Amino acid sequence: MSSVSDDRSRDRIFWHCRRGLLELDLLLQRFVARHLDALDDGQTAVFVELLEYDDNDLFDMVMKRAEPVNERLSPVLALLRDV
Amino acid sequence: MGNIARRQFDAVVVGAGGSGLRAALQLAEANLKVAVLSKVFPTRSHTVAAQGGVSASLGNEEPDNWHWHMYDTVKGSDYLGDQDAIEFMCRKACDAVVELEHYGMPFDRLDNGKIYQRPFGGHTSNYGERAIKRACAAADRTGHAMLHTLYQRNVRAHTQFFVEWMALDLIRNQAGDVLGVVALEMETGEVMILQAKATLLATGGAGRIYSASTNAFINTGDGLGMAARAGIPLEDMEFWQFHPTGVAGAGVLITEGVRGEGGFLLNKNGERFMERYAPTVKDLASRDVVARAMATEIKEGRGAGKDGEYILLKLDHLGGDVIDKRLPGIREIAKKFANVDPATDPIPVVPTCHYQMGGVPTNVAGQAVMPDGKGGEKIIKGLYAAGECACVSVHGANRLGTNSLLDLLVFGKSAGEQVVKDISADVKSLPDLPADAADKTMARLARLDSATSGERVNDVGAEMRRTMQAHCGVFRFPDSMAEGVKKMLAVAERAKSTFITDKSKVFNTARVEALELDNLIEVALSTMISANARQESRGAHDRSDFPNRDDVNWMKHTLWYKEGNRLEYKPVQLKPMTVESFEPKPRVY
Ligand SMILES: Cc1cc2nc3c(=O)[nH]c(=O)nc-3n(C[C@H](O)[C@H](O)[C@H](O)COP(=O)(O)OP(=O)(O)OC[C@H]3O[C@@H](n4cnc5c(N)ncnc54)[C@H](O)[C@@H]3O)c2cc1C
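Residues numbered from 1 in each chain as written. Chains lettered and ligands numbered in written order. Predicted model: local features only at pLDDT ≥ 70, side-chain atom pairs only at ≥ 80, totals over all residues. Heavy atoms only, no water.

Draft legend 1. Inspection of the overall build of chain B at higher detail. Counting secondary structure elements, chain B contains 16 helices and 22 strands. Taking 2.2 N^0.38 as the reference for a compact globule, 589 residues should give roughly 25 Å; the C-alpha atoms of chain B span a radius of gyration of 23 Å, in line with that estimate. Along the three orthogonal principal directions, the C-alpha set of chain B runs to about 70 × 60 × 50 Å. Residues counted as buried form 60% of the 589 residues belonging to chain B. Taking all contacts inside chain B whose residues are at least 6 apart in sequence as the whole, residues at least 24 apart take part in 73%. Taken as a whole, chain B presents about 21700 Å² of accessible surface, with 49% of it coming from carbon and sulfur. Distance from the positive charge centre (70 side chains) to the negative charge centre (74 side chains) of chain B: 1 Å. (Helix = DSSP H or I, 4+ residues; strand = E, 2+ residues; numbered from the N terminus. Rg over C-alpha atoms; globule rule 2.2 N^0.38 Å. Buried < 20%, exposed > 50% of the residue type's maximum accessible area, 1.4 Å probe, protein only. Contact = heavy atoms within 4.5 Å. Areas by Shrake-Rupley, 256 points an atom, 1.4 Å probe, with all protein chains shown as cover. Lys, Arg positive; Asp, Glu negative; His and termini not counted. Charge placed at Lys NZ, Arg CZ, Asp CG, Glu CD.)

Below you can see the structure in the form of C-alpha cells.
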C-alpha cells in the first residue's frame, strides 16, 4: 500500500494529478495542497484509485453528476467534492 | 553520448492525443516498430476535453458537400489558410469520420441509424447562406470517445507506449535530418535516446503561455520548443483563438449559452457596455466582438476586481430556478471555480486563450517543411507533425469549431501514411547518430541539477503568462505590444537561470515543470514577436492600430526562428488541389 510518507509515491501522485481536463487540474491541485498530508494510508490508496478514473468520469463524480460504484471511495470523494 | 541508453525504432511518435494515436495506428498497422511517448496516460491527453464535435459534410441531416465545408473553412481562416490543405481536409472528412465509426466510436445517431449532426458556429450551407448541421458528436464527450476508440485500436495493433515519458529535444545531424529524440523517463529520471527513421510530433497546443487559458496544465508546447531549439521555424504563432468568457483566474469555460439565456456583461461601474459596442445584438455579438469589447474595457481601466482585471457576467436576474433549468451545471461550475453563486452574484470572466492556430510548418503529408534558402521550400527529412502542434495550415488566422478534431484525424492519418511510404522507400537502416546527439539536452539538465540559486520556475512562468495576457491578448494595442516584446525578451533571459530545490530523480514534477517552461518561453517569444510585426488585423490577430485586413502586404505566413528572433514570410497557398480558388472577401457573418 502506498503512503504519503513514502516520497516516491507522493511524487507519483503529484504527477498523476496532471489531467486532460483543466477543471480536474485545478481541483486536484487544491485537494493536494489542503488534504494530502493529512490522509492516512487507506485514504491515500483510495485517492490513488480515484486518480485512475478517466477524466470525465472522475469529473462527473466530483461534480455530483455521478455516484461512485463503490462506497469505499465515498469519504475521500467527499473531501474532493468539497475543495 | 557515451553512457546514455539508446533504443531503436522505425518511428517515434511524441504525443498520444487524437493526432498522435491516429498517426501511430497507421504505422503499427503497417507492422512498423513504433514507440508512442506521452507525458500522461494516453486517454488523459487534452483531446479528452473536446465536447462539441467533429465536422464532416456527411449530409445526414440535410444536403451538404465538402466544397461548402471548404468555403466555410477558407472564410473562417480569414484567407490565411492554405487552400490546397483545406481542400484535402474537407474532402477526406467523411471518410475519416466513417472510419472512426467503424473502429467503434459511439457517435450519436438519428432514428434511421445514421450519425446525428448538429449546427456549429461558422459552418454553413451553400457558401454562407445559412447555418448547417455538420458536427458529429458522441454526447458531450466527443474527444473522450475518440481517444478511447483510437487507444483501443492501437493496443490491438501492438503499438508500444512509453507512458510518462517526456521528450526533451530533437536529434538532428549536420545535414539537418531528424534522427529521433532525447527523452526523460519520469519514473526513474533517466534520460534515453530514442533513435528512429521517422519522428512525428503530436504534442498538442501551448495555451499555457497565457494566464487565462482553457488548456490543461500539460499543454506546454513541448513539440514547438523542441523544433525551435533544433533550428526549425514556427509558423503563424501570432494567431491564438480566445473564448470571451473563461472564469477569471481559473480559465474554466462558461458556455456562451449563458448570454443566450439572457445573461449580460458589466464593467466595474455596473455599465452594460456591450450596448456601446454592438447596439443591436449587444451581448450576443460574435465571439471576437465580445472579447474585443471586454479587452478594451479592461485596458481603459473599467475592469472590475482589485486590479481592474476582469469583467462581470451577470445572470442573477434570471433567478435560481431558471438558471438551474436552462443552464444545468453552471451554478456548480461557478461556485467551484469562481467562488460565487451566480443566482446572487456575477461571475468574474476574462477573454481566455483556447486554441493555437500556428505551429510546426508541414505539408498535407505531415512532413515538416522549411525555407531552403533559395526562395523555395524543403522537406526536413525524418520529421513530421500533426494536430494542434502543426501548422498545415488549415485554420489560417482563425479555426472553425469542430475543425480541430477533424484535423487530428485527417492529418494524423496522412502523416502516418507518408511515414510508411518514406521508410519503405528510402531509409532501410537507421542513419548514424552524431557524436553530440544528446549533448545540449544533457547540458540543460546538468545546469538545472547543479544550480543552487537563480530564478524560480513559478515566478518566471507567472511573469511570462502575465506579460502575454496583458501585452499580446485578444486585442492588441501598439504601445503595449512594443513593451511586451521588451518584457518577453527579459523574461526569456530570466528563464535561462531557473533553478529547482528538489534534485531527486523519481517523478520530479519540479524538474518537469522547469523543462516545460523552456518550451513555453519559445512559444511565448515567437507569439509576441510575430504579433508585433504583423501590421494588420486578420482573424484572431486583432490590432487597434491596424484595424483592417491588408491582403496586399500581409496575406502571408509568418515564420519565426529562435536564432536571433528572426522573422521570414512565405506565401499563402491560394490555389486548391483541384477546384477554383476562393477569392478573398471581407469576413462578415
Ligand atoms: C475545452 C476545449 C474544448 C474543445 N472542443 C473541441 C471540439 O468540440 N471540437 C474540436 O474540433 N476541437 C475542440 N477543441 C480543440 C481540440 O480538442 C484540440 O485542438 C485537440 O484535441 C488537440 O489534439 P492533439 O492530438 O493535437 O493534442 P493533445 O490531445 O493535446 O495531446 C498531446 C499529447 O502530447 C503529449 N505530449 C506533450 N508534450 C510531450 C512531451 N514533451 N513528451 C511526450 N509527450 C508529450 C501529451 O501527453 C499528449 O498525449 C477543444 C479544446 C478545448 C481546450
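Draft legend 2. Representation of the environment of R466 of chain B within the structure. Residues and elements named next belong to chain B. Along the chain, the position of R466 falls in helix α13 (residues 457–471). Taking the C-alpha atoms as reference, R466 lies 27 Å from D449; in sequence the two are 17 residues apart. A polar contact of 2.8 Å, which involves the side chain of R466, links it to the side chain of E463. (Polar contact = N/O pair within 3.5 Å; in protein donor to acceptor, adjacent residues only side chain to side chain.)

Draft legend 3. Highlighting the packing of α13 of chain B against helix α14 (residues 478–495) of chain B. Residues and elements named next belong to chain B. Closest axis-to-axis distance for the α13/α14 pair is 9 Å, and the angle between their directions is 165°. With respect to α14, the element α13 is oriented roughly antiparallel. When you trace α13 past α14, the crossing you get is left-handed. Residues D459, V460, E463, M464, T467, M468, A470 and H471 of α13 form the contact with α14, whose own contacting residues are S480, M481, E483, G484, K487, M488, V491, R494 and A495. Tallied by class, residues from the contact of α13 with α14 come to eight nonpolar, four polar and five charged. (Axes fitted to C-alpha atoms, helices over the stretch in contact; angles between N-to-C directions. Parallel < 35°, antiparallel > 145°, perpendicular 65-115°, else oblique. Left-handed = near helix turned anticlockwise from the far one by under 90°. Nonpolar A, V, L, I, M, F, W, Y, C, P; charged D, E, K, R; others polar.)

Draft legend 4. Highlighting the sheet that holds strand β4 (residues 117–125) of chain B. All names here are of chain B. The sheet built from three strands is open, its strands ordered β3-β5-β4 with antiparallel pairing. Of all strands in the sheet, those bounded by a partner on one side alone are β3 (54–55) and β4. Here helix α2 (residues 66–76) sits on the sheet and contacts β3, β4 and β5 (130–136); the angle it forms with β4, its principal contact strand, is near 60°. (Pairing = 2+ DSSP bridges.)

Draft legend 5. Summary view of the confidence of the model for chain B. For chain B, mean pLDDT is 95; residues scoring 70 or higher make up 99% of the total. Scored by ipTM, the complex comes to 0.94, with pTM at 0.96. (pLDDT = per-residue confidence, 0-100.)

Draft legend 6. Expanded view of helix α4 (residues 142–156) of chain B. Residue and element names in this part refer to chain B. With 15 residues, α4 ought to run about 21 Å at 1.5 Å a step, and its terminal C-alpha atoms sit 21 Å apart, in line with that. Counting buried positions along α4 yields 11 of 15 residues, so the element is predominantly enclosed. Considered for burial, the residues of α4 that qualify are T142, G143, H144, A145, M146, L147, T149, L150, Y151, R153 and N154. (Expected span 1.5 Å × (residues − 1).)

Draft legend 7. Geometry of the site of the ligand. Residues and elements named next belong to chain B. Residues in close proximity to the ligand total 37 residues, the closest being S45, T47, G52, E388 and L405. Within the contact set of the ligand, an oxygen atom lies 3.2 Å away from a backbone nitrogen or oxygen of G18. In the model, an oxygen atom of the ligand is placed 3.4 Å from a nitrogen or oxygen of the A202 main chain. For the ligand, whose accessible area on its own is 1000 Å², the fraction buried by protein is 95%. For the shell around the ligand, the secondary-structure elements that each account for two or more residues are α1 (18–29), β2 (34–38), β7 (165–172), β14 (347–356) and α11 (403–426). In terms of residue count, the dominant contributor to the shell around the ligand is α11 (four residues). Along the lines of polarity and charge, the residues of the shell around the ligand split into 13 nonpolar, 20 polar and four charged. (Near = heavy atom within 4 Å.)

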